[in-house]
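# What the coordinates show
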Amino acid sequence: MAYASHIINHSKKLKNVSNLLRHENAVLVRWFSNDAVSSRDDLLKIHRHVYVPVESERVINSSAISSVSSVGVFKKKISSVARKAGSPIAGSFLNRGFACSKVQLKRGFSSDSGLPPHQEIGMPSLSPTMQEGNIARWLKKEGDKVSPGEVLCEVETDKATVEMECMEEGYLAKIVKGDGSKEIKVGEVIAITVEEEEDIPKFKDYSPSVSDAGAAPAKEPSPPPPPKQEEVEKPISTSEPKASKPSAASPEDRLFASPVARNLAEEHNVSLSSIKGTGPNGLIVKADIEDYLASRGKEVPAKAPKGKDVAAPALDYVDIPHSQIRKITASRLLFSKQTIPHYYLTVDICVDNLMGLRNQLNSIQEASAGKRISVNDLVIKAAALALRKVPRCNSSWADEYIRQFKNVNINVAVQTENGLYVPVIRDADKKGLSTIAEEVRQLAQKAKDNSLKPQDYEGGTFTVTNLGGPFGIKQFCAIINPPQSGILAVGSAEKRVVPGLGPDQYKFSSFMSVTLSCDHRVIDGAIGAEWLKAFKGYIENPESMLL
């Protein structure tokens, strides 16, 4: 009988579902308005119309008392109340809040400060290693209308300059961080958008709060200084330190001279034993030294007064501020040298056949109006095929495992005025030489224009750097680009005299020096040597790369 009564009571509640939803919508809107202080009872009305377990009832009663922040940011407790109360309206608010968090947006509601609904746009994280960024320039100005997909500004990240797009329609009410702003932490507010154009003047003097601006937490107040202790004067000991007694010397062996006489004798290399003192008790005085020098026909030079030390001229210099790419390059390379156990393997490779094949391919390219193929393009292809042949060199170190990659993505070092970039050629082992040459050319130009996108340099598994062709460096050792485990340093080719086929026969051949830097945690010495052997085979027999 009791069970049947429960069913009847709940069936009566189900009849009021439509009224409940309309009532709940109005309650939530009123709860987030300026009159939020008196809305606790309204929020509890939701609880009275919805079936809630006993545990959730305690959470609702306690959480309803918590207030909303001045900018209207949803509190975790409030979201949990709405979720437990089964509110579809609150669910839509929650989903919208989570979507905004990915692009560093915060929804603001009208509050006691009189500000209308608005959004705070934060500095986005545009790369995995980005912790702060710079505003290169704004493409929109205050008061402009913005739509989803439009570019708001250009952000200089730790690796490139990336365009930041708008996520929602509205008006740009306030630019908090203007052109050239530097070292902006990820999440720090850079702009404000509003939904209505007439709300723009209300944000003329707006400044984000300390918590929203990404400021560091306030330092804990320093503890009060300990009370001063009265210093008690220690009694001065009157006992004299014991000095070791010098060994007694006969009066005949001792020479007495005034300090001035001793200094004068030292300046002219005069032995005091050869001078008889005329002072009291045979003391040698200055006049005795001067008489001795005069008897030897030397004049005592007048001592020149010591002039003031002349200060060295100040160095002429100029301080060049660190760019974002320079700072991240410095930190990553320092991390690499401090944490990765490097070792180096160098080999000389004959490139006569490689140069011959390159000339043939370029003749074909020129006949078909194609782009020329460089030695570096052939090196990238040979390195990719060697990685496919020795996959243990295509790996990276982790604390619990060694990750071996199935994709062969080659980063190519490109030097620009802004710093060193390493754009990536994806699946280089599966691409033809003309495709590799075209991609390298396009990525190098984008690096020089500082317009690389994150997908242009992320995801590499091995790096190739070449200082031989453009700079004529014979051989060098490169620093591994973490989290990779290897990098190939390519030197210049030079002609050498080598033995011919017969006795007393010699010929000239071109040799290129390459050095492989390895992470010893991942690549053992024999594995690195095996990779170099495979690479050398492809370079000295380049036709095998076409198979």
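Before going into details, it helps to say that this report is about the structure given with it. The shown structure was predicted, so the numbers you read here are calculated from the model rather than taken from an experiment.

### A look at the packing of helix α11 (residues 375-389) against helix α15 (residues 525-540)
- Following both chains from N to C, one finds α11 and α15 inclined at 135°, their axes separated by 9 Å at the closest point. By the angle between their axes, α11 is oblique relative to α15. With respect to the hand of their crossing, α11 and α15 are arranged in right-handed fashion. Here Leu378, Val379, Ala382, Ala383, Leu385, Ala386, Leu387 and Lys389 of α11 lie close against α15, whose contacting residues are Trp531, Ala534, Phe535, Tyr538 and Ile539.
- Across the contact of α11 with α15, the residue classes break down as 12 nonpolar, no polar and 1 charged.

### Looking at the side chain of Asn450
- Within the element layout of this structure, Asn450 appears in the loop between α12 (433-448) and α13 (454-457).
- In this structure the side chain of Asn450 is engaged in a polar contact, spanning 2.8 Å, whose partner is the side chain of Tyr421.
- Among all residues touching Asn450, those that are not within four sequence positions of it are Ala160, Thr161, Asn418 and Tyr421.

### Regarding the environment of Pro116
- Of note, Pro116 is situated in the loop between β1 (105-108) and β2 (118-122).
- Through-space distance from the C-alpha of Pro116 to that of Val194 is 8.0 Å; in sequence the pair is 78 residues apart.

### As for unusual backbone geometry
- In this chain, Pro482 is followed by Pro483 through a cis amide linkage whose omega measures 10°.
- If you trace the backbone, Pro483 turns up in the loop between α14 (468-471) and β18 (486-499).
- Residue Asn269 is not a glycine yet carries a positive backbone phi of 55°.
- Assignment of secondary structure puts Asn269 in the loop between α7 (259-267) and α8 (286-295).

### Some remarks on the sheet that holds strand β10 (residues 342-350)
- Pairing in this open sheet of 6 strands is mixed, and the strands run β10-β19-β18-β17-β13-β16 from one edge to the other. Across the chains shown, the open sheet's two edge strands, defined by having one partner strand only, are β10 and β16 (424-425).
- Strand direction decides the pairing type here: strand β13 (residues 410-412) and strand β17 (residues 462-466), joined by 3 bridges, are parallel. When the sheet's bridge partners are listed, Ile410 is paired in β17 with Phe462.
- In this fold α15 packs onto β10, β17, β18 and β19 (506-519), with an angle of close to 25° to the strand it touches most, β10.

### What about the state of the cysteines?
- Scanning the entire structure with this criterion turns up 0 disulfides.
- Cys393 takes part in no disulfide bond, and the closest cysteine sulfur, belonging to Cys518, lies 6.1 Å away.

### Focus on α15
- Counted at 1.5 Å a residue, the expected span for α15 with its 16 residues is 22 Å, and the 22 Å between its end C-alpha atoms agrees.
- Every buried residue of α15 is accounted for by Ile527, Gly528, Trp531, Leu532, Ala534, Phe535, Tyr538 and Ile539. Axial view of α15: buried residues confined to an arc of 160°, hence all on one face. Opposite its buried face, α15 presents the exposed residues Ala526 and Lys533, each directed more than 90 degrees away.
- At its buried positions, α15 is contacted by β10, α10 (352-367), α11, β17, β18 and β19.

### Some thoughts on the packing of aromatic side chains
- In the structure shown here, the tally under the stated rule is 3 aromatic pairs.
- Geometrically, the ring pair formed by Phe462 and Trp531 is tilted, given 5.3 Å between the ring centres and 35° between the ring planes. Separated by 69 residues along the polypeptide, Phe462 in strand β17 and Trp531 in helix α15 bring together distant segments of the chain. Taken individually, Phe462 and Trp531 each receive the classification buried, so the pair is uniform in this respect.
- Plain terms: the ring middles of Trp531 and Phe535 are 5.4 Å apart, the flat faces sit at 10° to each other, and that makes the pair stacked. Taken together, the residues span about one helical turn, with Trp531 and Phe535 both in helix α15 at a distance of 4 residues. A single burial state applies to Trp531 and to Phe535, both of which are buried.
- Each residue in the set Phe462, Trp531 and Phe535 is aromatic and connected to the rest through ring pairs, giving one cluster.

Reading the values: the criteria
Residues numbered from 1 in each chain as written. Predicted model: local features only at pLDDT ≥ 70, side-chain atom pairs only at ≥ 80, totals over all residues. Heavy atoms only, no water. Axes fitted to C-alpha atoms, helices over the stretch in contact; angles between N-to-C directions. Helix = DSSP H or I, 4+ residues; strand = E, 2+ residues; numbered from the N terminus. Parallel < 35°, antiparallel > 145°, perpendicular 65-115°, else oblique. Left-handed = near helix turned anticlockwise from the far one by under 90°. Contact = heavy atoms within 4.5 Å. Nonpolar A, V, L, I, M, F, W, Y, C, P; charged D, E, K, R; others polar. Polar contact = N/O pair within 3.5 Å; in protein donor to acceptor, adjacent residues only side chain to side chain. Pairing = 2+ DSSP bridges. Disulfide = S-S within 2.5 Å. Expected span 1.5 Å × (residues − 1). Buried < 20%, exposed > 50% of the residue type's maximum accessible area, 1.4 Å probe, protein only. Arc of directions from axis to C-beta. Phe/Tyr/Trp six-rings, centres within 6.5 Å; stacked < 30°, edge-to-face > 60°.

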